[in-house]
Amino acid sequence: MARLALPIWLGSVLHLVLSWADTAMLSAWLTEADVAHYRAAFRLAALLTFTQFAVNALGAPTFGALHAAGDRAGLRRTVHRIGWLNTAVALPGLLFLMALGPWLLSWWGPAFVREEALTALAILAAAQALNALSGPVMYLLNMTGGERAGLAILGGSAVVQLSTGLWLVPEHGLVGAAVSAALGMAAWNGVGLVWVRRTQGFWMV
């Protein structure tokens, strides 16, 4: 249990780092108002994965059972069904955010409808859509004996996000934070997809 639990726990810690590093950097270099505007954009973009968390959590025990039974075809079918459900929510949601972003941000007040916040929202929404379309990569790794690979992938992604954030946030503010967060998400999803293809023999997308 310790051998399995420790990488998953450390992965959860790294996921928190990936989720908050951009905001922490903004708070170090910019004003509280900038942080508020960015978090509003971030929370709107995160709505694209609202159903993903519930669906992926329900699918995780099934992944483990199918892997233990050696049913790779069943595992692939289950992953792809979840992928289609995520796609059905994420793509229309992305179009919705792109079209109505200014109006949605205005709920917090007119000061939130600024060019930087709108650009950050577009970047973060695209990244969250990629996150949804990539499917439950980390859940699958954790439930099929790939928890150490998942930890390494999240660690590398954290390095990517932190390094790009340190470079971009002081100069580009909200947009720089959004780009660093998007690169972190793209890194763990992209490498995770390739790793699943290598170990399980199918593409999750």
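Scroll up a little and you will see the structure.
Presented here is a report on the structure given in the accompanying data block. These numbers come from a predicted model, not from an experiment. (Residues numbered from 1 in each chain as written. Predicted model: local features only at pLDDT ≥ 70, side-chain atom pairs only at ≥ 80, totals over all residues. Heavy atoms only, no water.)

Before going further, it helps to spend a moment on the packing of aromatic side chains. In the structure shown here, the tally under the stated rule is 3 aromatic pairs. Plain terms: the ring middles of tryptophan 103 and tryptophan 107 are 5.1 Å apart, the flat faces sit at 80° to each other, and that makes the pair edge-to-face. The exposed category is assigned to tryptophan 107, whose relative accessible area is 58%. Positioned above the aromatic ring of tryptophan 20 is the side chain of arginine 39, whose terminal nitrogen or guanidinium carbon lies 4.0 Å from the ring centre. Across the ring face of phenylalanine 42, the terminal group of arginine 39 is positioned such that the distance to the ring centre comes to 4.5 Å. (Phe/Tyr/Trp six-rings, centres within 6.5 Å; stacked < 30°, edge-to-face > 60°. Buried < 20%, exposed > 50% of the residue type's maximum accessible area, 1.4 Å probe, protein only. Lys NZ or Arg CZ within 6 Å of the ring centre and 35° of its normal.)

It is worth spelling out the nonpolar core at this point. Nonpolar side chains tend to gather and get buried jointly when the protein is soluble and globular. The biggest cluster of nonpolar side chains holds 26 residues, and the ones touching the most others in it are Leu26, Tyr38, Leu105 and Leu124. Elements supplying a minimum of two residues to this core: helix H1 (2–29), helix H2 (32–46), helix H4 (72–105), helix H5 (115–134) and helix H7 (147–200). Ranked by residue count, the leading element in this core is H2, at 7 residues. Residue contacts for leucine 105: discarding those within four places in its chain leaves Ala40, Ala41, Leu44, Phe112, Val113, Ala117, Leu118 and Leu121. Core analysis: the next-biggest nonpolar cluster, separate from the first, contains 22 residues, Leu140, Ala182, Trp188 and Phe202 among them. (Core = buried A, V, L, I, M, F, W, Y, C linked by side-chain atoms within 4.5 Å. Helix = DSSP H or I, 4+ residues; strand = E, 2+ residues; numbered from the N terminus. Contact = heavy atoms within 4.5 Å.)

Next up on the list: the environment of alanine 177. Looking at the element boundaries, alanine 177 is found in helix H7. As for alanine 177 and leucine 95, which are separated by 82 residues in sequence, their C-alpha atoms are 22 Å apart. Residues in contact with alanine 177, not counting those within four places in the same chain, are Asp22, Leu26, Tyr38 and Val169.

Another point: the side chain of threonine 49. The residue threonine 49 is located in the loop between H2 and helix H3 (50–69) in this model. Given the relative accessible area of 2%, threonine 49 is considered buried. Polar side-chain contacts of threonine 49 include one of 2.9 Å to the backbone oxygen of alanine 46. Those residues within four positions of threonine 49 in sequence are excluded, and the remaining contacts are Gln128, Asn131 and Ala132. (Polar contact = N/O pair within 3.5 Å; in protein donor to acceptor, adjacent residues only side chain to side chain.)

A few words now on the pattern of salt bridges. Tallied over the full model, the rule gives 2 salt bridges. The residue aspartate 34 makes a salt bridge to arginine 114 at a minimum N-O spacing of 2.8 Å. Placement of the pair is aspartate 34 in helix H2 and arginine 114 in the loop between H4 and H5, with a sequence separation of 80 residues. We classify aspartate 34 as buried; its relative accessible area is 11%. Between glutamate 116 and arginine 114 there is a salt bridge, with the nearest N and O atoms lying 2.5 Å from each other. Residue classification places glutamate 116 among the partly exposed residues on the basis of a relative accessible area of 27%. Shared partners join several salt bridges into a network, and the residues in it are Asp34, Arg114 and Glu116. (Salt bridge = Lys/Arg side-chain N within 4 Å of Asp/Glu carboxyl O.)

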